[in-house]
Amino acid sequence: MNTKVFKMPAMKDSNIVKIAVEMAQQVPQLIEFNQKQPLAAIIQELCNGWGLSDPDQYALQFSENNNQNYITEKNRNEIKNGSVLRLTHSPSTTAHDILQKLNTGTNEEKLHALQKLSKLSTDMTFALEFINKQGLALIISIVEGGKCKGNMLAYSLISFVELMDHGIVSWDILESPFINKVASYVNNQSVTQDAKVVQASLSILENIVLNSSGKYGQVEKEVTFPNLVMHLQSQNPVIQQNAIALINALFLKADNSKRKAIAATLSSKQVRNVILTNVIQSASGQVGAEMAHQLYVLQTLTLGLLEQRMNSKMDPQDQDAHDKIKELRRIAFDTDGTGVPGDIAARKQLGVFAKDYKKLGFKYDINPALDFTETPPGMLALDCMVYFARNHTENYTKVVLENSCRADEHECPFGRTSVELVKLLCEVLRIGEAPSEQGQNYHPMFFTHDHPFEEFFCICIILLNKTWKEMRATTEDFVKVFSVVREQITRALVSQPTSLDKFRAKLQVLTYSEITNLWQQERTSREEWESHARPIVELKEQITPEIMELIQQQRLGFLVEGTRFTKYSMRGQRIKDKFWYVRLSPNHKVFHYGDCDEKSVPTLEELPNKLAVVDIKALITGKECPHMKDVRGRKTTHQLAFSLTLDSVEVTSLDFVAPDEQVFDYWTDGINALLGNKMLSKETENDLETLLSMDIKLRLLDAEGVDIPQDPPAIPSDPPNYDFCYELK
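Let me sum up the structure you'll find in this document. As the structure is a computational prediction, the values presented were derived from the model and not from experiment. (Residues numbered from 1 in each chain as written. Predicted model: local features only at pLDDT ≥ 70, side-chain atom pairs only at ≥ 80, totals over all residues. Heavy atoms only, no water.)

### Points about the sheet that holds strand S3 (residues 58-62)
Read from one edge to the other, the open sheet built from four strands follows the order S2-S1-S4-S3, with strand pairing classed as mixed. The sheet is open, and its two edges are formed by strand S2 (29-34) and S3, each paired on a single side. Averaged over neighbouring strand pairs, the angle between their axes works out to 40° when direction is ignored. (Pairing = 2+ DSSP bridges. Helix = DSSP H or I, 4+ residues; strand = E, 2+ residues; numbered from the N terminus. Axes fitted to C-alpha atoms, helices over the stretch in contact; angles between N-to-C directions.)

Right, dumping it as structure tokens:
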């Protein structure tokens, strides 16, 4: 009897990957890279293959265009099958070589060394070696010396920025000579000034202001706002962006009095026109993501100056405030039809003054000061009302007199509605909240006027009066009117009008009847399927699994398409102008990721790093994420944070911060689906609701006009006898 012996195929070792290693002037080697083997041993074997001595002088490096970092025990797991590595001089040797050339080399050698340094400084491993060899101190002395010009200076400053970005060294080490020299490059408006020098200098000064403990005063003293405004007129968008970032940093760190001075400078017509013409309405026609964030921060900080007045109650001893209330009454009533003061004495004799505050619509007409004790909006409401009366007198008197002379109950009380409107506007614009790290929603129209919020109020108070009349409202309809007005304002703001006039025109279209029509359409689209009729409920239960499968497919499709994320440090700090892209492979088995710029959409082949879905241990969100544990006071950031914990010793997690809530929900849903968990996000709830509604509408088309009962008809009881039954014989 012949017996066949079958050999089992050898199990593939997951720790071994097949790669290529290249080296200048050498024939590349194809090797099996064992993740369990020490790096030193692998480098020794490679050196033996090429006949190189002193393997300690060499190190492995990634060779992709967007990733040329040195390979260490921490990142070696990023090496995958088919990777191409490079054997090059070790970080220590390279750092020593660069320092030697900077100290004793020719100008050409120094330029080449600085160019190489500017590229290598992005690598943490090299940065540590270079800084430990006093390289950073040398770069600082080169800059302070002031002898470098052109490209040498640009590469020196770029290298400095990259070395400091790792957080190895505190920004407090910098002394006055260095800060003064960098500031001089910002203040230099020469046409021949290298753009890269200006970019790096602006970035350095921004970091000094934000990250040092006591250097703000010196930067603020050395850099003048006129020079920063000049940089906003640059044709280079990065210089514009860095200039606004520095302005924001100075604004953020300034005390209240200096903030007001900065705001006064920024709100001047000349500066506003520069921002509007050169930045917002730039020749490219588009504002990049980072610039949009900086404009949002600038707008938030500027409007934030209103917080103090918003949270200030009226002081009974404040004579200026009492005079303003009297001025409101005087402008409204102490003029005749031509606007000329009338016979005030005669009015006093008739006792008219006693009724004027009531006609103005104050809640406390005997003592109107009490209307301004609620915070918010506090004294900000009085400021806006006086601004309206002084600067739009005709509209002010029209609004007040139209309502105070009505004989019915439909008058719109100016005082009470103004206080409530200012409170509403503060909520809509989120005045008093710190800028979020993901925010990009700015309003161009606020850069078109010296007093944007007050003008915003003037437009909205006229709108409120108009809507009140359209609704034929009474004081009992106060809440209803304001719900409509809020809707009108928020819908108009969504279109991002470029001027206050365009905002006003948009509001003209959004009448009360238009808002009610929009609400009706939205209610109709939601349909009445929310009803608890049992047949509908049972139908929902039957089709929900199909809908959830459809939502899951959409989420996975979104992950396959990929997303650009902003990079964050391990301390949860946003890294400016640093992005990375992540996308799921079409077979849903591997995540591909890598660095990118703010506009590119890399293909799978261009993303060097991979993460197998099977290696994901769990999904963590919010404050529990590793990169959010040290974050304090930034609510938005940790709400959009999520991490993938991995079954790996070298890299324990992959950390994300989503750009907005929708992207956060889509990614967490998709990852939960891949891990076999339920999708529990708000977006899933909303999508399920919408798709169920559409599906049920389609299924119930044949039953149109038929009233579906809340419960099925009751089964009748048994008859007393069955005599009606006929038997055939």
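Picking up where we left off.
### Focus: the packing of helix H6 (residues 150-165) against helix H8 (residues 195-211)
One way to put it is that H6 packs onto H8 with a least axis distance of 8 Å and a crossing angle of 30°. Judged on the interaxial angle alone, H8 and H6 are roughly parallel. In the crossing of H6 with H8, the sense of the turn from one axis to the other is left-handed. Of the residues in H8, those touching H6 at Gly150, Leu153, Ala154, Tyr155, Leu157, Ile158, Phe160 and Val161 are Lys196, Val197, Ala200, Ser201, Ser203 and Ile204. Across the contact of H6 with H8, the residue classes break down as ten nonpolar, three polar and one charged. (Parallel < 35°, antiparallel > 145°, perpendicular 65-115°, else oblique. Left-handed = near helix turned anticlockwise from the far one by under 90°. Contact = heavy atoms within 4.5 Å. Nonpolar A, V, L, I, M, F, W, Y, C, P; charged D, E, K, R; others polar.)

### Structural notes on the pattern of salt bridges
By the definition in use, this model includes 22 salt bridges. Here Lys466 and Glu470 are joined by a salt bridge, their closest N and O atoms 3.1 Å apart. Linking Lys466 with Glu470, this pair stays in helix H22 (residues 452-470), spanning four residues, or about one helical turn. Linking Arg555 and Asp669 is a salt bridge whose minimum nitrogen-to-oxygen distance equals 2.9 Å. Placement of the pair is Arg555 in helix H26 (residues 534-561) and Asp669 in helix H28 (residues 661-674), with a sequence separation of 114 residues. One exposure class covers both Arg555 and Asp669, and it is buried. (Salt bridge = Lys/Arg side-chain N within 4 Å of Asp/Glu carboxyl O. Buried < 20%, exposed > 50% of the residue type's maximum accessible area, 1.4 Å probe, protein only.)

### Some words on the side chain of Glu78
With respect to the helices and strands, Glu78 occurs in the loop between S3 and strand S4 (84-89). Each residue touching Glu78, except ones within four places of it in the same chain, is listed here: Phe62, Asn67 and Asn609.

### Concerning unusual backbone geometry
Leaving glycine out, the prevailing phi sign among residues is negative, and the prevailing peptide bond configuration is trans. Note that the residue after Thr375, namely Pro376, is joined by a cis bond; omega there is -20°. Residue position: Pro376 is located in the loop between helix H18 (353-359) and helix H19 (379-391). Pro377 follows Pro376 through a cis peptide bond whose omega is 15°. As for its placement among the helices and strands, Pro377 is situated in the loop between H18 and H19. Of note, Gln25 is a non-glycine position whose phi angle comes to about 60°, a positive value. Phi angles above zero are rare outside glycine, and Asp54 is one such case at about 55°.

### Considerations on the sheet that holds strand S7 (residues 590-596)
Taking strand neighbours across the sheet as the criterion, the four strands line up as S5-S6-S7-S8 in an open arrangement whose pairing is antiparallel. Where the open sheet ends on each side, the last strands, each with one partner, are strand S5 (563-568) and strand S8 (609-612). Strand after strand, the sheet turns through a mean of 30° between neighbouring axes, direction not considered. Relative to strand S6 (residues 574-584), S5 runs antiparallel, the two being bridged by five bridges. Residue pairing for S6: Thr566 is matched across the bridge by Phe579.

### Quick word on the nonpolar core
Ranked by internal contacts, the top residues of the largest apolar core, which has 82 residues, are Phe130, Leu157, Phe160, Ile204, Leu205 and Leu295. Considering every element that reaches this core, the biggest residue donor is H6, with nine residues. Dropping the residues within four chain positions of it, Phe130 is found in contact with Ala95, Ile98, Leu99, Leu117, Gly135, Leu136, Ile139 and Leu163. Grouped together as the second largest cluster of nonpolar side chains are 67 residues, Val399, Met445, Phe453 and Leu518 included. (Core = buried A, V, L, I, M, F, W, Y, C linked by side-chain atoms within 4.5 Å.)

### Concerning helix H3 (residues 107-120)
Taking 1.5 Å of rise per residue, 14 residues should cover 20 Å, and H3 covers 20 Å from first to last C-alpha, within 8% of that figure. For H3, every residue scored as buried is listed here: Ala113, Leu114, Leu117, Ser118 and Leu120. Viewed along the axis of H3, the buried residues span an arc of 165°, placing them on a single side of the element. For H3, exposure combined with an orientation more than 90 degrees from the buried face picks out Glu108 and Lys119. Its buried side turned inward, H3 meets S3, helix H2 (91-104), helix H4 (124-132), helix H5 (135-145) and H6. (Expected span 1.5 Å × (residues − 1). Arc of directions from axis to C-beta.)

### Some words on the environment of Ser569
Tracing the chain through its elements places Ser569 in the loop between S5 and S6. The spacing of Ser569 and Gly167 is 402 residues in sequence and 9.2 Å in space, taken between C-alpha atoms. Among residues more than four places away in sequence, those in contact with Ser569 are Ile575 and His627.

### Quick notes on a nonpolar patch on the surface
Together, Met124, Leu128 and Ile168 make up an exposed nonpolar region whose accessible area comes to about 220 Å². Tracing the backbone shows Ile168 in the loop between H6 and helix H7 (176-187). Ile168 sits in the partly exposed class, given a relative accessible area of 31%. (Patch = residues over 30% accessible without salt bridge, like charges linked within 9 Å, V, L, I, M, F, W, Y side chains within 5 Å. Areas by Shrake-Rupley, 256 points an atom, 1.4 Å probe, with all protein chains shown as cover.)

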